[in-house]
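# Working through the structure, step by step
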Amino acid sequence: MARIWLPFASYNLWLQFSPAVGKERWHCDMKRGFARARKREPQVKELLDKDNIPQRIGILAQQGVYEFHQDPLILYQKEAVEQVAEILQLSKEPVVVQQRVISILENYQANPILLGKNIIKLSRGDEGFPKPISIVKDSYEINLFAAIDCIFTEEDGRVHILDFKTGKSDFDRRQGYVYLLAASYLHPKQQAVASFYNLETGKCSECLSATSAQLNAIERKLVSIAQQHQQQLTRYRQNSADFKKIFPPNPGIACQYCSLNSICEFSVHKVST
Ligand code: SF4
């Protein structure tokens, strides 16, 4: 049976919609417009595809953790990092990616935080889009996408959703709440907690939990974002000349690191040619 199309919601869309507290200067709605409404234009696609080094490191780091846990005995072997690097075919990656991923693998071998846990799901990292969770209520319907890295059960029976991070970005509690909402549909009979672990710095977040009322508020927030986003996409399809009104630019410091600055007429960053 064909899957019914519904407006979609995800943490990434929420992040593109509204910045984390203190990150307002880095936020730009026009970036979301390029990434979501114009992503199939060849020039935009090429620039978005180029901006994938951090994403590549994240995927390989997740794959590395996955491979370590296919045979946890490997963690005790002297050549473990080299073995996993070979499975990941790291030598084919850019040098910067190789160096960071090797360091992540070394960190993980030194501190394998999933060792001994009752893992019920460990993502390989390259699965692509997760299967959506369809949320159907009287007044709204959405598909929720939550790419969960790892789920294990605590000794007290709670499910624990662990999200692996790389790089320097801060943990965003909103992402944890989206995972908790997903867990409430995937494991409705169990209480859930969510946390983050940075594979490069070794930093752990606090464990987040949420009441039903909080999850309800998060769900409504995601529904509102999904609906607004769909309305904006529809407006853009009806009149592409309104791009800058629908997705207003926020020229400033963010332009320096924006992968689209070479084609954005509002960029204040001079691109050398
Ligand atoms: S270059 Fe600046 S204004 Fe243009 S999309 Fe990027 S951040 Fe926004």
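Residues numbered from 1 in each chain as written. Predicted model: local features only at pLDDT ≥ 70, side-chain atom pairs only at ≥ 80, totals over all residues. Heavy atoms only, no water.

### Examining the environment of Ala183
Counted only if it meets this: What counts as a helix is a DSSP run of H or I of at least four residues, what counts as a strand is a run of E of at least two, and both are numbered from the N terminus. The cut-offs for exposure are 20% and 50% of the maximum accessible area for each residue type, with area from a 1.4 Å probe on protein chains only; residues under the lower value are buried, those over the upper are exposed, and the others partly exposed. Pairs of residues are marked as contacts when any of their non-hydrogen atoms sit within 4.5 Å.
Mapped onto the secondary structure, Ala183 falls in helix α7 (residues 173-186). A relative accessible area of 2% means that Ala183 is categorised as buried. C-alpha separation for the pair Ala183 and His160, spaced 23 residues apart in sequence, amounts to 9.1 Å. The contact partners of Ala183, leaving out residues within four places of it in the chain, are Ile161, Pro188 and Ala192.

### Remarks on the pattern of salt bridges
Let me state the cut-off plainly: A pairing counts as a salt bridge when a side-chain nitrogen of Lys or Arg comes within 4 Å of a carboxyl oxygen of Asp or Glu.
Enumeration over the complete set of coordinates arrives at 13 salt bridges. For Arg173, the salt bridge is made with Glu206, and the minimal N-O distance between the two is 2.4 Å. Linking Arg173 in helix α7 with Glu206 in the loop between β7 (192-198) and α8 (212-238), this pair joins segments that are 33 residues apart in sequence. The partly exposed category is assigned to Glu206, whose relative accessible area is 47%.

### What to know about the sheet that holds strand β3 (residues 133-136)
The line we're drawing: At least two DSSP bridges between two strands are needed for those strands to be called paired. Only the stretch in contact is used when fitting a helix axis, every axis being a line fitted to C-alpha atoms; angles between N-to-C directions are given from 0 to 180 degrees.
Taken in spatial order, the three strands of this open sheet run β1-β4-β3, and their pairing is mixed. Looking at which strands have only one partner, the edges of the open sheet turn out to be β1 (8-10) and β3. Taken pair by pair, the neighbouring strands of this sheet meet at an average axis angle of 30 degrees, ignoring direction. In terms of strand pairing, β3 meets strand β4 (residues 141-145) through four bridges, oriented antiparallel. Paired with Ile135 across the strands is Ile142, a residue of β4. Along the sheet, α7 contacts β3 and β4; its crossing angle with β3, the most-contacted strand, is approximately 80 degrees.

### Re the site of the ligand
Inclusion rule: Whether a residue is near a molecule or strand depends on its heavy atoms: if one lies within 4 Å, it is near. Throughout, the ten residues Ala, Val, Leu, Ile, Met, Phe, Trp, Tyr, Cys and Pro are labelled nonpolar, Asp, Glu, Lys and Arg are labelled charged, and all others, Gly among them, are labelled polar.
Lining the immediate environment of the ligand, one finds Cys28, Lys31, Pro249, Asn250, Pro251, Cys255, Cys258, Asn261, Cys264 and Ser267. Split into classes, the residues belonging to the shell around the ligand amount to six nonpolar, three polar and one charged.

### Let's talk about the sheet that holds β7
Pairing in this open sheet of four strands is mixed, and the strands run β2-β5-β6-β7 from one edge to the other. At either end of the open sheet lies a strand with only one pairing partner, and these are β2 (118-122) and β7. For this sheet, the mean inter-axis angle between neighbouring strands, taken without regard to orientation, is 25 degrees. The sheet contacts of α7 involve β6 (159-165) and β7, and relative to β7 the element is tilted by about 140 degrees.

### Looking at helix α4 (residues 53-68)
Note the threshold: Expected helix span is given by 1.5 Å per residue-to-residue step, counting one fewer step than there are residues.
In a regular helix each residue adds 1.5 Å, so 16 residues correspond to 22 Å; α4 covers 22 Å between its end C-alpha atoms and thus fits that length. Burial in α4 covers these residues: Ile57, Leu60, Ala61, Gln62, Gln63, Gly64, Val65, Tyr66, Glu67 and Phe68. Looking at the buried side of α4, the elements it contacts are α5 (80-87), α6 (95-110), β2 and β6.

That's the geometry; what it means functionally is another story.
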